[in-house]
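# Survey of secondary and tertiary structure
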Amino acid sequence: MRPPLVLTIAASESDGAAGLQADLKTFTALGAYGASAVSMVTTVTAHQVHGTHPLPADVVRGQIDAVAEDLRLDATKIGALGSAAVVEAVAGAVREHRARLGRIVLDPVMISAHGTPLISAEGAGALGQQLLPLVDVLTPNMAEAAQLLGRPLAASIEEIREQALALQAMGPGAVLITGGRLEGEDVVDVLVHAGGTDLLRARRDPRRRVRGAGSTLSAAIAAQLARIAGFDRAGELGEIGQAGADDDLVTIVASAREFVASATENAQDWTLSRRGGGYGPLNHLITLDT
């Protein structure tokens, strides 16, 4: 007997709103046990990023090796990595431990909500070349999708779909591009997978600027994939991108989006910063409230 196990490989963010801290809280809220490998340390507040400090690549690799060799993982979520050396180390660890990492979700974090770059240009290139072909689900926002492809920002839902298909051709079984930057009353996320394309809509809520929604979404997807793996240790569920698994994936993504929306709504009245304003957090522990 054990809970679903998920590893997050991500940046430690000092204010707890995003990155590794958001991932671990999301795993807990969704009934999964979270392990972690710190990729970099950020000094960040609701108002700005004061510094980013990628860890030595061998330190990151050592953490992943230790977890993969010891824990019975059901899923892995990869977030901000910071440098080309760390990307290469993570890709090497994924190749070596692929069978032990479970389903892999990659959130290709490249820039903070504040506009601060979180990965070098060389790192972004390595991300696309070395890591994308190894993952099951890729969850970029529109800006990240465009940067990975070297294309302009998509200007329509059809262009988002085209970029998602182009990214899927690079190796991931499925690609979810979040469409929050596209103007309109609704936010439309585009999910492409072996079974086709799904458009997931939600009413836009302009009342609050939050940070950590992307981290939370990808972590929620990883936690739900881990829960399915936990219910089916025998491996009857098909691999992502194969017939039989796509209906489950669409349901998982829809559930993860609902969790993000609820976590955002339930933090609407929070004021954590002494200065006020800035980017607020999500309430990741809404499922634990009494």
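None of the values given here were measured: they were computed from a predicted structure.

Calculation criteria
- The residue numbering used here restarts from 1 in each chain and proceeds along that chain's sequence as written.
- The predicted origin of the model limits local features to residues at a pLDDT of at least 70 and limits the giving and counting of side-chain atom pairs to 80 or more, whereas totals for whole chains, interfaces and linings rest on all residues.
- Values shown for side chains rest on all heavy atoms present in the structure; no hydrogens or waters enter the calculation.
- Helix numbering and strand numbering both begin at the N terminus, where a helix is a DSSP run of H or I of at least 4 residues and a strand a DSSP run of E of at least 2.
- Within these notes, the globule rule equals 2.2 Å times the number of residues to the 0.38 power, and the radius of gyration is based on C-alpha atoms.
- Only heavy atoms matter for contacts: two residues are in contact if any of them lie within 4.5 Å across the pair.
- The accessible surface values rely on the Shrake-Rupley method and a 1.4 Å probe; as for residues, cover is taken only from the protein chains in view.
- When charges are counted, Lys and Arg are positive and Asp and Glu negative, with His and the chain ends excluded.
- The atom standing in for a charge is NZ when the residue is Lys, CZ when it is Arg, CG when it is Asp and CD when it is Glu.
- Should DSSP find at least two bridges between two strands, the strands are regarded as paired.
- Inter-axis angles, ranging from 0 to 180 degrees, are taken between N-to-C directions of lines fitted to C-alpha atoms, where helices are fitted over the stretch in contact.
- Any angle from 65 to 115 degrees is called roughly perpendicular, while one under 35 is roughly parallel, one over 145 is roughly antiparallel, and all others are oblique.
- Left-handed describes a crossing in which the near helix is turned anticlockwise from the far one by less than a right angle; the clockwise case is right-handed.
- Side-chain classes follow a simple rule in which Ala, Val, Leu, Ile, Met, Phe, Trp, Tyr, Cys and Pro form the nonpolar group, Asp, Glu, Lys and Arg form the charged group, and the remainder, Gly included, forms the polar group.
- A pocket, in this scheme, is an open set of points on a 1 Å grid over the protein atoms alone with protein on both sides within 12 Å along at least 5 of 7 lines, while a cavity is a set where a 1.4 Å probe fits but cannot get out; residues line either one if an atom lies within 4 Å of a point.
- Grid points are joined across faces, edges and corners, and a volume is the space filled by probe spheres set on the points.
- Salt bridge, as used here, is a side-chain nitrogen of Lys or Arg placed within 4 Å of a carboxyl oxygen of Asp or Glu.
- Buried residues are those whose accessible area, probed at 1.4 Å on protein chains only, stays under 20% of the maximum for their type, while exposed residues exceed 50% and partly exposed ones sit between those limits.

### Let's talk about the overall build of the protein
Within the protein, the regular secondary structure consists of 8 helices and 9 strands. The C-alpha atoms of the protein give 17 Å as radius of gyration, which agrees with the globular expectation for 290 residues (19 Å, within 12%). Its C-alpha atoms put the protein at 50 × 45 × 40 Å along the principal axes. Across the protein, the fraction of contacts at a sequence separation of at least 24, relative to all contacts at a separation of at least 6, is 70%. Here the protein has roughly 12,500 Å² of accessible surface; of this, 50% comes from carbon and sulfur atoms. Counting 24 positive and 33 negative side-chain charges, the protein places the averaged centre of each group 4 Å from the other.

### Description of the sheet that holds strand β7 (residues 174–177)
Strand order in this open sheet of 9 strands is β3-β2-β1-β4-β5-β6-β7-β8-β9, and the pairing throughout is mixed. Both outer strands of the open sheet, β3 (49–54) and β9 (196–203), are each paired with one neighbouring strand and no more. Sheet topology note: the strand β8 (residues 186–193)/β9 ladder contains 8 bridges and is antiparallel. Of the residues in β9, the one forming a bridge with V192 is T197. Here helix α2 (residues 57–70) sits on the sheet and contacts β1 (5–13) and β2 (33–44); the angle it forms with β2, its principal contact strand, is near 165 degrees.

### A look at the packing of α2 against helix α3 (residues 84–97)
Close contact between α2 and α3 brings their axes to 8 Å; oriented N to C, the two are set at 20 degrees. The pairing of α2 with α3 is recorded here as roughly parallel in orientation. The hand of the α2/α3 crossing is right-handed. Within the contact between the two elements, α2 uses A57, V60, R61, I64, D65, A68 and E69 and α3 uses A85, V86, A89, V90, G92, A93, E96 and H97. A class-by-class count of the residues in the contact of α2 with α3 yields 9 nonpolar, 2 polar and 4 charged.

### Points about the layout of surface pockets
Over the atoms, a rolling probe the size of a water molecule traces out where space has been left empty. Taken as a whole, the largest pocket encloses approximately 1,500 Å³ of empty space. Contributing to the lining of the largest pocket are 50 residues, with T178, G180, V210, A213 and G214 lying nearest its centre. Of all the secondary-structure elements, those providing two or more residues to the lining of the largest pocket are β1, α1 (19–29), β2, β8, β9, α7 (213–231) and α8 (246–265). Top element by residues in the lining of the largest pocket is α8. It accounts for 6 residues. Here the residues of the lining of the largest pocket sort into 19 nonpolar, 15 polar and 16 charged.

### Digging into the packing of helix α5 (residues 142–149) against helix α6 (residues 157–168)
Contact geometry of α5 with α6 gives a least axis separation of 10 Å together with a crossing angle of 50 degrees. In terms of their interaxial angle, α5 and α6 are classed as oblique. Here the hand of the crossing between α5 and α6 comes out left-handed. Residues M142, A145, A146, L148 and L149 of α5 touch α6, and the partners they reach there are I160, Q163, A166 and L167. A breakdown of the residues in the contact of α5 with α6 according to their chemical character gives 8 nonpolar, 1 polar and no charged.

### Quick look at the pattern of salt bridges
All told, the structure shown has 9 salt bridges when counted by the stated rule. The partner of R61 in a salt bridge is E96, with the nearest N and O atoms 2.3 Å apart. Here the residue R61 occupies a position in helix α2, and E96 occupies one in helix α3, the gap between them amounting to 35 residues. With a shortest N-O distance of 2.8 Å, D189 and R257 are connected by a salt bridge. Taken as a pair, D189 in strand β8 and R257 in helix α8 lie far apart in primary sequence, 68 residues in all. Residue classification places D189 among the buried positions, given a relative accessible area of 5%. Taken together, the shared-partner salt bridges in this structure form one network comprising E13, D15 and R211.

### Regarding α1
Turning to α1, its buried residues number three or more, namely G19, L20, A22, D23, T26, F27 and A29. Remark: G31 follows α1 within two positions and exhibits a positive phi of approximately 80 degrees.

### Topic: the side chain of S215
Structurally, the position occupied by S215 is in helix α7. Apart from residues no more than four positions distant in its own chain, S215 is found in contact with A18, G19, A22, D23, K77 and D107.

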